[in-house]
Amino acid sequence: MRSFAAVARRQMAALGVAVGLATAAAPEEASPERLLAAYCAPCHSGAAPAGGVELNRASLRSDGVVDPILQERVWTALDHGRMPPSGAATPSRAERRRILNRLENDLLRRSRDGARVPRRLNRREYENTIRALFDLPAFRLPDGFPQDDSRAGFDNVGEGLILSPPLMAQLLSAATAVADELLGPDPGLEPAQSRPYPLGTGGLSMEGGGPAAGGSFRLMSSRNMASAAAWPARFEAPRSGIYRIRLSARAYQTDRMSYPRRTEPFRIAIYARPKTEQVYAPFEELRKVTELHVDAEAASPQALIAEVELLRGDVFGVRWEDGPAYSDPLRRDYSHQFLADRLKADRRYYAAMLQFGGGSRGTTQAQLYDATRALMESGDLDLSDPRLDSMPEAWGGGLSDAPHNWIKAFVHEELYRHGPAVDLTVLEVEGPLRLVEDDEMRERRARSQGFLGQRPPGATDEEHVRLVLERFLPSALRRPATDDELRTYAELATGVLASDAGTSVKDGLHLAVRRVLVSPSFLYRGLQPGRLDDYGIAARLSYFLTSGPPDDRLATLARTGALSEPSALADEAERLIRDPRSDEFVRSFTGQWLATRVLRSIMPDPRLLAFGAGDQEAMIAEAEMLFAEILRSNLPVEAFIDPGFSYRNARLNKIYGGRLQDSRMQRVPVQRDGRFGGVLGMAAVMMATANGVDTNPVLRGAWVLENVFGEDPGEPPGDVPAIAPDTTGARTIREQLAAHRADPSCAKCHDRMDPLGAVLESFDPVGRWRSHYPKFTAPRDGERPLEQEFYSTVGQGTVTGPAVDSAAVLPDGTRLESVIDLKRYLLRRVDVFARCLAEKLLVYATGRPLTFRDRLEARRIARSAVDGGGFRDLVVGIAQSPAFAVR
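Residues numbered from 1 in each chain as written. Predicted model: local features only at pLDDT ≥ 70, side-chain atom pairs only at ≥ 80, totals over all residues. Heavy atoms only, no water.

Caption draft 1: Region of the structure containing the pattern of salt bridges. Taken as a whole and assessed by the stated rule, the structure comprises 65 salt bridges. Across the pair E485 and R479 runs a salt bridge whose closest N-O atoms are separated by 2.7 Å. Overall, E485 belongs to the buried group, its relative accessible area being 17%. According to the relative accessible area criterion, R479 is partly exposed, its value standing at 24%. Each of the salt bridges in this network shares a partner with another, and the network as a whole consists of D551, R553, E572, R575, D579 and R581. (Salt bridge = Lys/Arg side-chain N within 4 Å of Asp/Glu carboxyl O. Buried < 20%, exposed > 50% of the residue type's maximum accessible area, 1.4 Å probe, protein only.)

Following this line, the structure appears as structure tokens:
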């Protein structure tokens, strides 16, 4: 049997390749080769090396050159303390530092500065650039525009921003739309082309009313277009102009009305609103364009004509203006006062409503009316019921859930069946009869004139084109235009003028603008390798902190060369952080680092709680507002772990508890050293790292490992199935993980991830604190599962499942009982978190995966921020770093 010394001697030469040394570089007893042989070779050699990492000459070489990827893996494992593993012989601090220094020196010699590929503008940057360049604040790319791929955790990294033929076609289409908006024909100068828009009964949308005899539509009292008001479902004004609306209407009254018969004319009004606005907007908030009157006693429909002004994209609605119920302008608070009056005035109806109970959730208004009316006429009601002496406590909700909608249904059926109401038999639109200039047209003309500028007296078309391009190109290219570029684009524009006598300067510049917007110099940043010049630094700083192009101040500093001075660069970074445009940085960085972008694609199981878009937006706002305050107030990076405050609103009461009443986000204190607060106690993060049904420690653990500790969790083996949530409660998550990790190839990564996820198990899929897992049961007939305030509460459709066990042991032997212990652990090692955050920021700022040199630079910046600085100092340090100034 060979001695350990013989094995060690054999390994020393091979391991020397890993550190790029000659074996005689240092005394044998202290050399890095000898240390690696002693501490690493016993496990990482032979037929089955640990982790598949074999430290010998063959595995460390690639085409005859030392493999830097494996070198960096060795360095990372030693630097993070993952190697040697617990229980194995461990080098002293000095020995570990000796190995790391030698590896660092070798890796730095081989480290390549800058990115491999130039950076294309991603979707968000493109939109912001167009908005700033052409003063188009509402510009958006179409929804079908291709999404950007992410690399190294972000969607602004060059390797993920490919330029495919389909994307190029979309960019050309976008460039044409921008040029049309800027330099297209003036629509206000064209004659109107009137056409009829006949609207039969199929073109009207009604809610709460319905077709009467003869196919007419019955208008009843309404507060908005969605409730018993007529509006054309398939019409929107194609242009801003004057339209002719023809109506045929008659008053509907019978002898069975609950209201006095009317003799004065019925007032009906036409309201307009942009199609993009909600149909539930109260009429009081819409634009009233005309009012018409219907004879109250005429037997035949009355023809009415009105000419009204509609803006492009408008729809219009017809409302019975002076109806007896909650369309009455004097009863704006229709949900309470009018309905309360109705209950007080009709004790029999109130008793019938209470006795019937509203029926099932599928009960229609007509069914509810018929059932309630039958009870009222039966004579069997208990009119002594004490509940009739006070108003209902609840008013909102669905048809079968609340008195408000029961009464609404009854009133609508009364009006529909017996009146009073207004019947519409004809509704037609014609136009535009003539155009009117709206705000959009005026803004468009002003933009065009601003872009073209004032033409000098006597200037030729060619001279005018060149003057416009001299102003435009430096802004579009984010640097001075070369003489060749100016000549090329000027020739494009003047070529259009020469080819057609009917063209104008606008037509020529339309082509030039389109061509600029699809040029590499516009779409890309950092086309040239190496160090960025001042214009490149100005663009990088601006896109880093605002996701948009440099403003005039940055452009001026770049022109004078001032951005080469670190102090000037720091001042500009501070200025942009204070600028409201930095909200784009906050949104974009937190959306990707904290994964809040995915919240909009997750809808929690409705058995957990009632959850809507407003709840998601509140969660996202909490994350962004916390990040923004830590940044702008220059709080220590520890504030991300245990800040002592957060931002909440009433919607988040269901997550964190509390009694906030306001829907607006507000700053609130949060207990330090507690469950909630910081990124590890934040609902947005907990929801983003779950699946909407239940939690998975692997997913959360991998996220924490990568985004808090800064370690790569690695890709899972392709032949290992994922853990599916077990909502039956048959097996605990620990039992599932134990089976999942039976394969040793899985255990080596899961030993790092799973403990971090396990301590977060007390947070449910939306971030609420729980003591037990849920176990869902099928509801009984006629029942539906109710929202659970906490999992440990036994309620309809849910029973208490197994108790949550959040205890875990980290690879270094530290035992954690809950997320509180994990926060304490991180606060003692805040340099680890700061380094992770600095690396994430450096990737985002430069748009490239980090080189080894970049990683060391991020570590230096993080250490400086921890040693007496704050988070804003860290961000400014990123901007001042040598890595920031290299493509």
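Caption draft 2: Just the packing of helix α4 (residues 93-110) against helix α28 (residues 852-866), in detail. One way to put it is that α4 packs onto α28 with a least axis distance of 8 Å and a crossing angle of 125°. In terms of orientation, α4 and α28 fall into the oblique class. Contacts between α4 and α28 involve E104, L107 and L108 from the former and F852, R853 and L856 from the latter. Considering only residue class, the contact of α4 with α28 consists of four nonpolar, no polar and two charged. (Axes fitted to C-alpha atoms, helices over the stretch in contact; angles between N-to-C directions. Helix = DSSP H or I, 4+ residues; strand = E, 2+ residues; numbered from the N terminus. Parallel < 35°, antiparallel > 145°, perpendicular 65-115°, else oblique. Contact = heavy atoms within 4.5 Å. Nonpolar A, V, L, I, M, F, W, Y, C, P; charged D, E, K, R; others polar.)

Caption draft 3: The side chain of R648, seen in detail. Structurally, R648 is set in strand β15 (residues 645-648). According to the relative accessible area criterion, R648 is buried, its value standing at 10%. In terms of polar contacts, R648 uses its side chain to reach the side chain of E622, at 3.1 Å. Every residue in contact with R648, bar those within four places of it in the chain, is listed here: E622, Y656, L660, R664, M665, Q666, V668, V670 and F676. (Polar contact = N/O pair within 3.5 Å; in protein donor to acceptor, adjacent residues only side chain to side chain.)

Caption draft 4: Up close: the nonpolar core. Core analysis: the biggest nonpolar cluster contains 105 residues, and F544, M619, L841 and F871 have the highest contact counts within it. At 11 residues, helix α27 (residues 830-846) tops the list of elements feeding residues into this core. Here F871 is in contact with F627, I630, L631, N634, L635, V637, F640, L837 and L841, once residues within four sequence places are set aside. Counting residues in each nonpolar core, the second largest holds 45 residues, with L492, A493, L509 and A539 among its members. (Core = buried A, V, L, I, M, F, W, Y, C linked by side-chain atoms within 4.5 Å.)

Caption draft 5: Representation of the packing of aromatic side chains in the model. Summed over all chains, the structure comprises 33 aromatic pairs. An angle of 65° between the planes, with centres 5.9 Å apart, marks the rings of F585 and F627 as edge-to-face. Taken together, the residues F585 in helix α19 (residues 583-593) and F627 in helix α20 (residues 613-632) connect sequence positions 42 residues apart. A relative accessible area of 1% places F627 in the buried class. Each residue in the set F154, F544, F585, F589, W593, F627, F640, F833, Y844, F871 and F884 is aromatic and connected to the rest through ring pairs, giving one cluster. Sitting over the face of the ring of Y656, R648 holds its NZ or CZ atom 3.5 Å from the ring centroid. The side chain of R667 reaches across the aromatic face of F645, ending 4.0 Å from its centre. (Phe/Tyr/Trp six-rings, centres within 6.5 Å; stacked < 30°, edge-to-face > 60°. Lys NZ or Arg CZ within 6 Å of the ring centre and 35° of its normal.)

Caption draft 6: Local environment of the confidence of the model for the chain. Counting all residues, the mean pLDDT for the chain is 83, and 82% of those residues have values of 70 or more. Here residues 1-29 is a poorly scored stretch, pLDDT under 50, and it has 50 contacts once near neighbours within four places are set aside; other chains count. (pLDDT = per-residue confidence, 0-100.)

Caption draft 7: Quick look at the sheet that holds strand β12 (residues 314-320). If you walk across this open sheet you meet the three strands as β10-β9-β12, and the pairing is antiparallel. Across the chains shown, the open sheet's two edge strands, defined by having one partner strand only, are β10 (287-294) and β12. Here the strands of the sheet are splayed against their neighbours by 20° on average, with no regard to which way each runs. (Pairing = 2+ DSSP bridges.)

Caption draft 8: Looking closely at the pairing of β15. Neither face of β15 is open: one carries F645 and Y647, the other S646 and R648, and all of them are buried. Relative to strand β16 (residues 666-669), β15 runs antiparallel, the two sharing four bridges. Bridge pairing in β16 places Y647 opposite R667.

Caption draft 9: Spotlight on helix α23 (residues 697-707). Within α23, nine of the 11 residues are buried, which leaves the element mostly enclosed by the surrounding structure. Of the residues making up α23, those classed as buried are P697, V698, R700, G701, A702, W703, V704, L705 and N707.

Caption draft 10: Region of the structure containing the side chain of D79. Inspection of the secondary structure assignment puts D79 in helix α3 (residues 68-79). Of the polar contacts made by the side chain of D79, one reaches the side chain of R859; its length is 2.3 Å. In contact with D79, not counting residues within four places along its chain, are L100, R835 and R859.

Caption draft 11: Looking closely at α19. Of all 11 residues that make up α19, nine are buried, and the element is covered over most of its length. Within the span of α19, buried status applies to E584, F585, V586, S588, F589, T590, G591, Q592 and W593. Among the residues trailing α19, A595 stands out with phi positive, at a value near 60°.

Caption draft 12: Broad picture of the environment of Q170. Take Q170: it is sitting in helix α6 (residues 165-183). Residues within four places of Q170 in sequence aside, it is in contact with P142, G144, F145 and P146.

Caption draft 13: Region of interest: unusual backbone geometry. Of note, the bond from G419 into P420 is cis; its omega dihedral lies within 30 degrees of zero at 0°. By the element assignment, P420 lies in the loop between α10 (403-418) and β13 (421-435). Across the junction of G431 and P432, the peptide omega takes the value 0°, indicating a cis bond. One can find P432 in strand β13. In the Ramachandran plot, A152 falls in the positive-phi region, its phi being about 55° despite a non-glycine side chain. Relative to the helices and strands, A152 resides in the loop between α5 (123-134) and α6. You can call A152 partly exposed: its relative accessible area is 41%.

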